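A closer look at the structure
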Amino acid sequence: MNTTEADDVDLTLTESAIEQVKKLMARDQRQGYGLRVAVADGGCSGYSYKLDFDNQQKPEDLILERNGVKVYVDRASVPYLAGTVIDFATGLYGGGFKFTNPNATGTCGCGTSFSA
């Protein structure tokens, strides 16, 4: 049995990412929601990151608190996200959430797919 606890999950959201999550939730009137972060099979490199808003904990979820934002992470995704930093960046050609994952052995140009 996996004994990982929420306090053991090494997942960082930068201030920029946290502020963007708060802005999106306010814009979409999602009071009481949190950010769901997951890794799924698929994408051009083997795995892909999934971000969504949710207001319900699933049985396999760990709940993290990051500067006032509730973050749901399912236990199966935890090993792939260990040490990951999620940032939000703006740029000339648009912006978005960026993942820096020390477990990724390869990535592709889309920025949301990786191999491990």
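Scroll up to find the structure this text is about.
Computed from a predicted structure; not experimentally measured.

With that out of the way, let us pick up the packing of aromatic side chains. Tallying each qualifying case throughout the model produces three aromatic pairs. Aromatic side chains Tyr 49 and Phe 99 sit 3.9 Å apart centroid to centroid with 0 degrees between the ring planes, which places their arrangement in the stacked category. Of this pair, Tyr 49 sits in strand 3 (residues 47-54) while Phe 99 sits in strand 7 (residues 96-100), and the two are 50 residues apart along the sequence. Taken as a pair, Tyr 49 and Phe 99 share a single burial class, namely buried. Seen in terms of ring centroids, Phe 88 and Phe 97 are 5.1 Å apart; in terms of plane orientation they differ by 65 degrees. Their pairing is edge-to-face. Judged by relative accessible area, Phe 88 falls into the buried class, the value being 17%.

Once that is clear, we can look at the nonpolar core. Counting residues in each nonpolar core, the largest one holds 24 residues, and the members touching the most others are Leu 11, Leu 13, Leu 35, Val 37, Val 71, Val 73 and Ile 86. For this core, the secondary structure elements donating two or more residues are strand 1 (11-13), helix 1 (15-27), strand 2 (34-41), strand 3, strand 4 (61-66), strand 5 (69-74), helix 2 (78-81) and strand 6 (84-89). Of the residues forming this core, the biggest block, five residues, is contributed by helix 1. Each residue touching Val 37, except ones within four places of it in the same chain, is listed here: Leu 11, Lys 50, Leu 51, Val 71, Tyr 72, Val 73, Asp 74, Leu 81 and Ile 86.

All right, on to the pairing of strand 7 then. In this sheet, strand 7 lies alongside strand 6 in antiparallel orientation, the contact comprising five bridges. Across the sheet, the residue bridging to Asp 87 is Lys 98, located in strand 7. Hairpin connection of strand 6 to strand 7: six residues between the antiparallel strands, including Gly 94 at a positive phi of 100 degrees.

Opposite charge on two side chains permits them to pair, given that their charged atoms come into close proximity. Inspection of every chain in the model, using the stated rule, returns four salt bridges. For Asp 54, the salt bridge identified is with Arg 36, shortest N-O distance 2.9 Å. With Asp 54 in strand 3 and Arg 36 in strand 2, this residue pair connects regions lying 18 residues apart in the sequence. Classification of Asp 54 as buried rests on a relative accessible area of 16%.

Rules used in this analysis
- Residues numbered from 1 in each chain as written.
- Predicted model: local features only at pLDDT ≥ 70, side-chain atom pairs only at ≥ 80, totals over all residues.
- Heavy atoms only, no water.
- Phe/Tyr/Trp six-rings, centres within 6.5 Å; stacked < 30°, edge-to-face > 60°.
- Helix = DSSP H or I, 4+ residues; strand = E, 2+ residues; numbered from the N terminus.
- Buried < 20%, exposed > 50% of the residue type's maximum accessible area, 1.4 Å probe, protein only.
- Core = buried A, V, L, I, M, F, W, Y, C linked by side-chain atoms within 4.5 Å.
- Contact = heavy atoms within 4.5 Å.
- Pairing = 2+ DSSP bridges.
- Salt bridge = Lys/Arg side-chain N within 4 Å of Asp/Glu carboxyl O.

These figures capture arrangement, not role.
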